[in-house]
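Summary of the model geometry
Below, each chain spelled out in residue letters.
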Amino acid sequence: MPLRCGIVGLPNVGKSTLFNAITQAGAESANYPFCTIDPNIGVVTVPDIRLDYLTKLYQPKKTIPTAFEFLDIAGLVEGASKGEGLGNKFLSHIREVDAIAHVVRCFKDENVVHVAQSVNPTRDIEIINLELILADLESIEKRINKLESKIKSKDKDALQEYLLVNRIREEALNLGLPVRSLVFSDEELKLIKSFNLLTNKPVIYIANIAEEEASNPSSNIYLREVEALAHDDDARVIPVSAKLEAEIAELDAEDKKAFLEDLHIPQSGLDATIKAAYDLLGLITYLTAGKPEVRAWTIQKGTKAPQAAAVIHTDFERGFIKAEVISFEDLVQAGSESKVRELGKLRIEGKEYIVQDGDIMHFRFNV
C-alpha cells in the first residue's frame, strides 16, 4: 500500500493548485473556500535514478517504482474541531494519512482572496494546529472516560493506558502542544499509534511562494516565519511555487530537467516533498533486479533482512534462509553483476542483517 500524505491548509492557500501540479490529477481549483469537498487522491511514482540505471543494465520486462499517495483535503477553517466549515469531514480524512503536508500561503495576490483577508503565515499555521490539538483533546477525553470505568474494575492494562493518555492530555494538549512534542518509549509508541491522533503525525510545511521567488526562496519575507515555527515543531519546510509546479508538470522529463536548471532550482516541489516525507517517516528503499523486473521497495530504517523480504511476500520471511546483497555503488563501479561477483563484493547475509538504503537484494527461502 502506498504511503499517504494529506495536503492541508486554510482555503485558498494553493493546495489544489499544488495537488494538480504534482499528480496531474486535475482536481478542481477555484478562488473560493471548500472547492474540494471530498479528498482528491493522486498516486505518484517516487523518483529514483537508481531504478533508471538498473533498467538500462538489466533490460527487464518491466520496471516498478515505489508509489506515494497524495490526498488533497478540503480547506480547514477556525472552529473545524467543532464542525465549522467542513471540519469533521476534514479531520476524519487527516486520520487516514501517514504524514501531513501543510501548505502555507507566503505570497501576495489581490486576485486570490485569503480567508482571513491578509497574508500571515504564523496566524494561519496556529489556526490549523490549534484545531488539530482541540480535535485530539476531544478524542483523548472520550478515551479517558471509557478507561475510568475499566480502572474501577482493577483492569491493569486500562490503568497503564489511562496514565499514558492522561499524560498526553496534561503535558501536551492542555498546554496547546502537539502530541509529537512528547517523548515516548517504544511500547508507548505502539499503543499511541492505535489512537490515530492528528498531532502525532509528522508535518512538512510547504511554503507556497511567488513564482519569481522560486530560484531564490530566501528572498521571501514570510519563509523565515514558517522556518521558525517548523524548527520548534521539528518539522521540515519546503519552499514551493505552486504556479511554477503547474508549469513543470506539463513538461516531459528532459524538458523538466532543463527548465529547473535554467531557473537554478535543484529539484521540483514533488521530489523535495517526497524526500522530506521519507526522511521524516524514517524510510529507505531497497531494490530487486533481474530480467523479469526491476523494482523498488520501501521499508523502515533498521529493518532486518527477513522482515524486508516480507514486504515482497510473507513466505519470504517465513522461509528465509539467506539474502544475496549488492550495494548499488558497488554495482555502478563494477559495471555488471557478474563483475561484482568476480570482485567478491556480493555478500551473503543472514537473519540479523540490517538492510541499507540502495541495497540490491535477492532472497533465498524455502517454505
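Residues numbered from 1 in each chain as written. Predicted model: local features only at pLDDT ≥ 70, side-chain atom pairs only at ≥ 80, totals over all residues. Heavy atoms only, no water.

1. Brief notes about the overall build of the protein chain
Each helix and strand in the protein chain was counted, giving 14 helices and twelve strands. Residue burial in the protein chain is summarised as follows: out of 367 residues, 48% are buried. Of all intrachain contacts in the protein chain linking residues separated by at least 6 positions in sequence, the fraction that spans at least 24 positions is 69%. (Helix = DSSP H or I, 4+ residues; strand = E, 2+ residues; numbered from the N terminus. Buried < 20%, exposed > 50% of the residue type's maximum accessible area, 1.4 Å probe, protein only. Contact = heavy atoms within 4.5 Å.)

2. Structural notes on the environment of Glu126
On the secondary structure map, Glu126 appears in helix 4 (residues 121-152). On a C-alpha basis, the gap between Glu126 and Leu229 in space is 9.3 Å, while along the polypeptide they are 103 residues apart.

3. Structural notes on the packing of aromatic side chains
Taken as a whole and assessed by the stated rule, the structure comprises seven aromatic pairs. Ring centres of Tyr286 and Phe363 lie 5.9 Å apart, and the angle between their planes is 85 degrees; this geometry places the pair in the edge-to-face category. Placement of the pair is Tyr286 in strand 8 (residues 283-289) and Phe363 in strand 12 (residues 359-365), with a sequence separation of 77 residues. Take Tyr286: its relative accessible area is 0%, and that puts it in the buried class. Lying over the aromatic face of Phe107, Arg105 brings its terminal NZ or CZ to 4.5 Å of the ring centre. (Phe/Tyr/Trp six-rings, centres within 6.5 Å; stacked < 30°, edge-to-face > 60°. Lys NZ or Arg CZ within 6 Å of the ring centre and 35° of its normal.)

4. What about the pairing of strand 10 (residues 320-327)?
In the case of a regular strand, side chains alternate between the two sheet surfaces. Within strand 10, six of the eight residues are buried, which leaves it mostly tucked inside the rest of the structure. Where strand 10 meets strand 12, seven bridges bridge the pair, whose relative direction is antiparallel. Residue pairing in the sheet places Ile326 in a bridge with Ile360 of strand 12. Of the strand pairs in this sheet, strand 10 and strand 11 (residues 347-349) are connected by three bridges, and their pairing is antiparallel. Within strand 11, the position partnered with Ala323 by the bridge is Glu349. (Pairing = 2+ DSSP bridges.)

5. Structural notes on the nonpolar core
Among the nonpolar cores identified, the biggest contains 52 residues, and Phe68, Phe70, Tyr205 and Ile274 are the most heavily contacted of them. No other element matches helix 10 (residues 269-281), which puts seven residues into this core. Dropping the residues within four chain positions of it, Ile274 is found in contact with Val44, Thr45, Val46, Pro47, Phe68 and Phe70. Grouped together as the second largest cluster of nonpolar side chains are 18 residues, Ile140, Ile144, Leu164 and Ile192 included. (Core = buried A, V, L, I, M, F, W, Y, C linked by side-chain atoms within 4.5 Å.)

6. Brief notes about the packing of helix 4 against helix 5 (residues 156-171)
The axes of two packed helices give the description: the angle between them and the distance between them. Between helix 4 and helix 5, the least distance of the axes is 9 Å, while the angle of their chain directions is 150 degrees. With respect to helix 5, the element helix 4 is oriented roughly antiparallel. Where helix 4 crosses over helix 5, the two elements pack in a sense that is left-handed. Each of Leu137, Ile140, Glu141, Arg143, Ile144, Leu147, Glu148, Lys150 and Ile151 in helix 4 lies in contact with helix 5, whose residues at this interface are Ala158, Leu159, Glu161, Tyr162, Val165, Asn166, Ile168 and Arg169. A breakdown of the residues in the contact of helix 4 with helix 5 according to their chemical character gives ten nonpolar, one polar and six charged. (Axes fitted to C-alpha atoms, helices over the stretch in contact; angles between N-to-C directions. Parallel < 35°, antiparallel > 145°, perpendicular 65-115°, else oblique. Left-handed = near helix turned anticlockwise from the far one by under 90°. Nonpolar A, V, L, I, M, F, W, Y, C, P; charged D, E, K, R; others polar.)

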